[in-house]
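Report on the structure
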Amino acid sequence: MPTASRAPAASRRHPPGLYVLFFTELWERYSFYSMMAILALYMNEKLHFSVAHVGQVYGSYIAGVYFLPLVGGFLADRVLGFYRAVVIGGALMMLGHLVLGVESLPFFYAGLTLLACGSGLLKPNVSTIVGNLYRDNPGLRDAGFNIFYMGINIGAFISPLTVSWFRIHYGWSVAFASAAGAMLISLAVFIGFRRYLGDAAGKVAETSREARAVSPAEARARVITLLMVFVISAVFWLAFYQNGFTLTFWARDNTLTSIAPEKFQAIEPLGVILLSPLFVWAWMWLQRRNAEPSTPVKMLIGVLFVAGAFGMMAWAGLIGGDTGRVSVQWLVWAYIVIAMGEIALSPMGLSLVNRVAPPRSRGLLMGGWFVSLSIGGYLSGSIGAYWTRMPHSRFFLLVVGILAVTGVLLVLMTPSIKRTIARVDAEERAALAES
Ligand code: PHE
């Protein structure tokens, strides 16, 4: 089966390559979130960094992790091709985890650098290959990204629980090594089942039909559309990344519970896992009735869910959380609603970038989507600084306000985004008819 990724046009079946990428990314995210779960503790308890120093390193690391995909995407587009970029990236990450486990400072920084470079090469390009699998069957692409996204969250949900077990029983080095082990599984899956990816993992040649079909003016219009989408995305993640920050302080200081505050962070990925099938089903159900919301509308739904979640938190503040403690239910439900927002927006975003980007810049623009996360994450920290400067309810309302403004912007941009997508669709249909 040499080109198994070529499903017959309009098939309802997902290409088998999707499941290869699902497990590749599940184990990669497992390794990434294992390490993220214990990174701050390691710096604080083992390397004896002050909390401020921890914050600095932690913030710069995340910014680096989500900025480097820009470089990784570009390298895959123009030099390496997607397959080699993922393999090299995965190997660097595996090495990074091992180096990190050597309990000394120079190794620590070398490990972080390897990890950021590795994930810069791997993460955006795995996503790009997912989209490429659907060149022949674009109608199923959003659903495919939803399934892929579940793999991400299964890894994100399990890893904090298991890595904690490794750390408590065997120490830091073994815990970091367990992340390296996960990366080895990820690579083995990707390399071992490469044949199911077909040509989706190759480079888009300059002279290919696909690349020639896009005029420079059209390419510019598409890039501008994506830049608008990136602005929306950055604001979404600004709100989202309150999870590890102000929402965790809220869990510690303003809820009636003895559960460790960071454990609440497992709720959101679990919500994504449990609710994704529901969304996939709902979108398909609507699609069959020709009523599936367009991609910008799905993004708007995502922004509104998150605004709703922060609205709930503002309410929780007003009824007592501002000055004392309230039921954990508020936070639990807010996380569940945030999960719904993430399901509506984030896989859509990946899918949209893949579809709309001019073919020769797919990797680069996928990197741009990640930069929007890096900016959002950075801004979440800056905004979070207001947590102690105003009542919590007002802080949450501030976040709602920022999301509301973004929602309005998105509504204004929707016609232009839809026009771009319509042109891309027409081009895709023409290409299919010709082949
Ligand atoms: N939870 C997602 C992940 O780790 C967040 C994310 C979305 C990151 C899109 C990058 C791009 O994959």
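Note that the coordinates shown come from a computational prediction; the quantities given were computed from them, not determined experimentally. (Residues numbered from 1 in each chain as written. Predicted model: local features only at pLDDT ≥ 70, side-chain atom pairs only at ≥ 80, totals over all residues. Heavy atoms only, no water.)

This paragraph deals with the packing of helix H1 (residues 17-46) against helix H4 (residues 82-100). As a packed pair, H1 and H4 sit with axes 12 Å apart at the nearest point and diverge in direction by 25°. If you check the angle between H1 and H4, you find them roughly parallel. The way H1 lies across H4 gives a crossing that is left-handed. Contacts from Glu28, Ser31, Met35 and Tyr42 of H1 reach H4 at Met93, His97 and Leu100. Class assignment of the residues belonging to the contact of H1 with H4 gives a composition of four nonpolar, two polar and one charged. (Axes fitted to C-alpha atoms, helices over the stretch in contact; angles between N-to-C directions. Helix = DSSP H or I, 4+ residues; strand = E, 2+ residues; numbered from the N terminus. Parallel < 35°, antiparallel > 145°, perpendicular 65-115°, else oblique. Left-handed = near helix turned anticlockwise from the far one by under 90°. Contact = heavy atoms within 4.5 Å. Nonpolar A, V, L, I, M, F, W, Y, C, P; charged D, E, K, R; others polar.)

Around the ligand, the neighbouring residues are Arg29, Tyr33, Tyr66, Lys123, Tyr149, Ile152, Trp237, Glu342, Ser346, Trp369, Phe370 and Leu373. The separation between an oxygen atom of the ligand and a polar side-chain atom of Arg29 is 2.7 Å. The separation between an oxygen atom of the ligand and a polar side-chain atom of Lys123 is 2.7 Å. Protein contact buries 97% of the 320 Å² of open area that the ligand shows by itself. When residues of the shell around the ligand are traced back to their parent elements, those giving at least two are H1, helix H6 (141-170), helix H13 (329-356) and helix H14 (362-384). Examining the composition of the shell around the ligand, we find that three residues originate from one element, H14, more than from any other. Grouping the amino acids of the shell around the ligand by side-chain chemistry returns eight nonpolar, one polar and three charged. (Near = heavy atom within 4 Å. Polar contact = N/O pair within 3.5 Å; in protein donor to acceptor, adjacent residues only side chain to side chain. Areas by Shrake-Rupley, 256 points an atom, 1.4 Å probe, with all protein chains shown as cover.)

Turning next to a nonpolar patch on the surface. A grouping of Val71, Phe74, Leu75 and Val79 is seen on the molecular surface, where their side chains present a nonpolar patch of about 300 Å² in accessible area. With respect to the helices, strands and loops of the structure, Phe74 is situated in helix H3 (residues 69-80). When its relative accessible area of 40% is taken as the criterion, Phe74 is described as partly exposed. (Patch = residues over 30% accessible without salt bridge, like charges linked within 9 Å, V, L, I, M, F, W, Y side chains within 5 Å. Salt bridge = Lys/Arg side-chain N within 4 Å of Asp/Glu carboxyl O. Buried < 20%, exposed > 50% of the residue type's maximum accessible area, 1.4 Å probe, protein only.)

Summed over all chains, the structure comprises nine salt bridges. We note a salt bridge from Glu218 to Arg222, for which the minimum N-O separation is 2.9 Å. Placement of the pair is Glu218 and Arg222 together in helix H9 (residues 216-240), with a separation of four residues, close to one helical turn. Judged by its relative accessible area of 16%, Glu218 is buried. It is possible to trace a salt-bridge network through shared partners that takes in Glu218, Arg222 and Arg423.

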